[in-house]
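Fold and contact review
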There are 2 protein chains.
Amino acid sequence: MTSDPAQLSLLDLVKATDNVPYPEDPEHLEIKSSAYRFLSHAEDLALPQVDLGLIVPAVAKVLKDLFADAGIFVFDEAKLTVSISKSLDTFDKRNEAIAKVARTLKDQGYFKPVLDGWRNELYVVFNPSKVPYLLVERAASPLFGVITYGVHITGYVPASPTSSGMRLWVPRRSYQKPTFPGMLDNTVAGGLGYPYGIYDTAIKECGEEAGLEEDYVKQRLTSVGVITYWYRHKYSDDLNLFQPECEYIYDLKIDEDTVPHPVDGEVAEFNLWNREQLDKELKAGNFKPNSALVFIDFFVRHGLLGPEDEPDYLNIVSRTHRRFPYPAR
Amino acid sequence: MTSDPAQLSLLDLVKATDNVPYPEDPEHLEIKSSAYRFLSHAEDLALPQVDLGLIVPAVAKVLKDLFADAGIFVFDEAKLTVSISKSLDTFDKRNEAIAKVARTLKDQGYFKPVLDGWRNELYVVFNPSKVPYLLVERAASPLFGVITYGVHITGYVPASPTSSGMRLWVPRRSYQKPTFPGMLDNTVAGGLGYPYGIYDTAIKECGEEAGLEEDYVKQRLTSVGVITYWYRHKYSDDLNLFQPECEYIYDLKIDEDTVPHPVDGEVAEFNLWNREQLDKELKAGNFKPNSALVFIDFFVRHGLLGPEDEPDYLNIVSRTHRRFPYPAR
């Protein structure tokens, strides 16, 4: 990202996040021929074996070196697959095994740029019946390329006779955050940790990240959709991991006289900006990549960005609602 | 579709419209091996040859029988492609040739269930630079499987202290319509004919289909997104055509005391229904298929259908925003 103003189009911002080639793109073949498919266990009469994610060769090699005989994974080099062992035939067994894998990698110092963000928070990987299939430490989930879930909330102050149009609350991330320090973000956002619900997580995060009371939020929060994109995140020169992401979206109508304030230290400051100020910062590349998409989606839903305003409108809308070839929540 | 109440899930409604298999589905291979790719002309230095649509074998055969030596199409049976001839190197030449093809098919009585709906309205097929590449009679567009565009408008009356929540204006299509007679529909909808704009078409259709004045509409109309889905429409037992569709979506906030009224005879009646009445009719399969998706999208955007209310939420949202492997508007 550059901070040179007016350099990025909205489609550039989408492409920076939804950056895994589509099946119809020629570059898609390269992925098929290099990454390992991460599969559920085979020979279960109740559930077919399905794709759960993608494991890059550098990760597959370490898993094989450390866990070849641990009864956790089945490696097939010819088919380029890493499957969960069929002996791990319960949720608890799989969770215990994957926890051991993640903890061993962390303790032995593998994939530091990824596992330094260790959270002690578990993410769920779903099976085709939408039942939790396994749990994985949040920081370790990109190593398996599985879908992750979160909530993103846009706090807005409606246009009034005395204001210059609608304004949005835009925080700057703490400069101490392990990921994207100092970048601009959605009003409130958080990952969906097991076993919390989506709405409950949204309410909780509004309290923790913006100091907004539960009752206040419940009266003003509206579920407005979900964005999905397939992100490939370059953690370092030799670690470029797949992260299909699903962010449930809420709008939060904030009163003129309410000022969100950082509570948990994750936010450095809150700005109340109008569309023009937001546009300028978006185009300068100053937003955390996926947060930019949430604001673009907000503009689309609120008539602030129409099909005749934006040449890549259709591409932007469809690429922020990508369908993954995996079972999902 | 059945009229047995409470038989269809929302995902069933989506699947009835977005019914072309995805690349990751096994059924996708069958399409690849049976339908002809419809391609732009080759050997143009300014523009690469690209996919524009899909032509089913029954249509390809007739095109070959009638136009093999007409300098319009290039047929490649080995590659399963039908390309525009490179001699048609201008927009005008292509339009003239395709108009001749459509007119000949119509006059000679081919594909009657499709061409009986002849409209004298032209649809645009775009090139990768988003410039119109060719025009095709609206009724003939499914024969080439190209993307078509329209506008769909949801008229709603906000909840008030005296009403039981938000209500939506739901028309029943005229029993004389060539397509989907007597089915329920979006408040207003229409195809995007050349050379009209998207917003202008929305305004015009509100006048024609609901008797709403231009100024009234302009003050209350909001652009809120676009839905896209890949529809395969069985016109008859041996004619099952591809129709990738793109519908620009608007919300129209209607005053309590405004009653839309049919003007052009395309609407039999208007109903003002709340969410529960709509749900009942949706689940009974009484809506025109793509109109059902627009109401579902409305529910999602307005907090009336959330991720914890609907087990197929994510799948529904992503399948109504499908990305097509073709250049688009």
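For the structure, see preceding data.
Since this is a predicted model, take the numbers as computed values, not measurements.

1. Some words on helix α7 (residues 198-210) of chain B
Residue and element names in this part refer to chain B. An ideal rise of 1.5 Å per residue puts 18 Å on 13 residues; α7 measures up with 18 Å between its terminal C-alpha atoms. For α7, the set of buried residues is I198, T201, A202, I203, E205, C206, E209 and A210. Once α7 finishes, G211 follows within two positions and takes phi at roughly 65°, a positive value.

2. A closer look at empty space enclosed by the protein
For the coordinates displayed, the defined rule picks out four cavities of 30 Å³ or more. What the largest cavity holds in volume is close to 210 Å³. Lining the largest cavity we find 25 residues, and of these D297 and H321 of chain A together with D297, R301 and H321 of chain B sit closest to its centre. Mapped onto the lining of the largest cavity, the elements with two or more residues apiece are β10 (221-236), α10 (289-301) and α11 (313-319) of chain A together with β10 (221-236), α10 (289-301) and α11 (313-319) of chain B.

3. A closer look at the interface of chain A and chain B
At the junction of the two partners, chain A supplies 41 residues and chain B supplies 41 residues. Buried area between chain A and chain B, both sides added, is near 3000 Å², and the carbon and sulfur share of it is 62%. Area buried by chain A at its contact with chain B is led by E308, L314 and R323 of chain A, which between them contribute 24% of it. For the interface between chain A and chain B, the tally reads two salt bridges. In this structure, E24 of chain A engages R323 of chain B in a salt bridge whose closest nitrogen and oxygen atoms are separated by 3.5 Å. Viewed at the interface, chain B and chain A are joined by 13 residue pairs in polar contact (both at pLDDT 80 or more). Contributing elements (two or more residues each) for the side of chain A that touches chain B: α7 (198-210), β10, β11 (239-253), α10 and α11 of chain A. Classifying every residue of the side of chain A that touches chain B by side-chain character gives 20 nonpolar, eleven polar and ten charged.

4. A closer look at the pairing of strand β2 (residues 51-55) of chain B
All names here are of chain B. With four of five residues buried, β2 lies mostly within the body of the structure. Across four bridges, the pairing between strand β1 (residues 36-39) and β2 is antiparallel. Residue pairing in the sheet places R37 in a bridge with L54 of β2.

5. Some points on the sheet that holds strand β3 (residues 73-76) of chain A
Residues and elements named next belong to chain A. Strand order across the open sheet formed by four strands is β2-β1-β4-β3, with mixed pairing between neighbours. Of all the strands in the sheet, the pair left with one neighbour each is β2 (51-55) and β3. Taking each pair of neighbouring strands and ignoring which way they run, the sheet shows an average axis angle of 25°. With three bridges joining them, strand β1 (residues 36-39) and strand β4 (residues 81-84) adopt parallel strand pairing. Note that in β4 the partner of L39 across the bridge is S83. Across the sheet, helix α3 (residues 57-67) is in contact with β1, β2 and β3; its angle to β3 comes to roughly 125°.

6. Topic: the relation of the copies chain A and chain B
The transform that puts chain A on chain B rotates by 180° and translates by 0.0 Å along the axis, for an RMSD of 0.0 Å. Those values place the two copies in the arrangement expected of a two-fold rotation axis. Relative to the rotation axis, the C-alpha of H321 of chain A is the closest in chain A, positioned 3.0 Å from it. Comparing contact sets, 100% of the residues at the interface of chain A also lie at the interface in chain B, consistent with an isologous, same-surface contact.

7. Points about the nonpolar core
Residues L63, F73, L143, F144 and Y248 of chain A are the most contacted members of the largest nonpolar core, which totals 108 residues. Core analysis: the next-biggest nonpolar cluster, separate from the first, contains 107 residues, L13 of chain A together with F73, V82 and I254 of chain B among them.

8. Examining the pairing of strand β3 (residues 73-76) of chain B
All names here are of chain B. The two faces of β3 differ: F73 and F75 on one face are buried, but V74 and D76 on the other face are not. Two strands pair when backbone bridges link them, and β3 and strand β4 (residues 81-84) are joined in this way by four bridges, in the antiparallel orientation. What sits directly across from F75, in β4, is V82. Hairpin connection, β3 to β4: the antiparallel pair is bridged by four residues, and L80 has positive phi, about 55°.

9. Focus on unusual backbone geometry
Negative phi characterises most residues that are not glycine, and trans characterises most peptide bonds. For the bond running from Y194 of chain A to P195 of chain A, omega is 0°, close enough to zero to count as cis. In this structure, P195 of chain A sits in the loop between β9 (188-191) and α7. Phi is positive for F111 of chain B, close to 50°, though the residue is something other than glycine. We classify F111 of chain B as buried; its relative accessible area is 10%.

Each value, and the rule that gives it
Residues numbered from 1 in each chain as written. Chains lettered and ligands numbered in written order. Predicted model: local features only at pLDDT ≥ 70, side-chain atom pairs only at ≥ 80, totals over all residues. Heavy atoms only, no water. Helix = DSSP H or I, 4+ residues; strand = E, 2+ residues; numbered from the N terminus. Expected span 1.5 Å × (residues − 1). Buried < 20%, exposed > 50% of the residue type's maximum accessible area, 1.4 Å probe, protein only. 1 Å grid on protein atoms, 1.4 Å probe; cavity = no way out; pocket = protein on both sides within 12 Å on 5 of 7 lines; lining within 4 Å. Points joined across faces, edges and corners; volume = space filled by probe spheres on them. Contact = heavy atoms within 4.5 Å. Buried area = accessible area lost by both parts, 1.4 Å probe. Salt bridge = Lys/Arg side-chain N within 4 Å of Asp/Glu carboxyl O. Polar contact = N/O pair within 3.5 Å; in protein donor to acceptor, adjacent residues only side chain to side chain. Nonpolar A, V, L, I, M, F, W, Y, C, P; charged D, E, K, R; others polar. Pairing = 2+ DSSP bridges. Axes fitted to C-alpha atoms, helices over the stretch in contact; angles between N-to-C directions. Least-squares fit on C-alpha atoms with pLDDT ≥ 70 in both. Core = buried A, V, L, I, M, F, W, Y, C linked by side-chain atoms within 4.5 Å.

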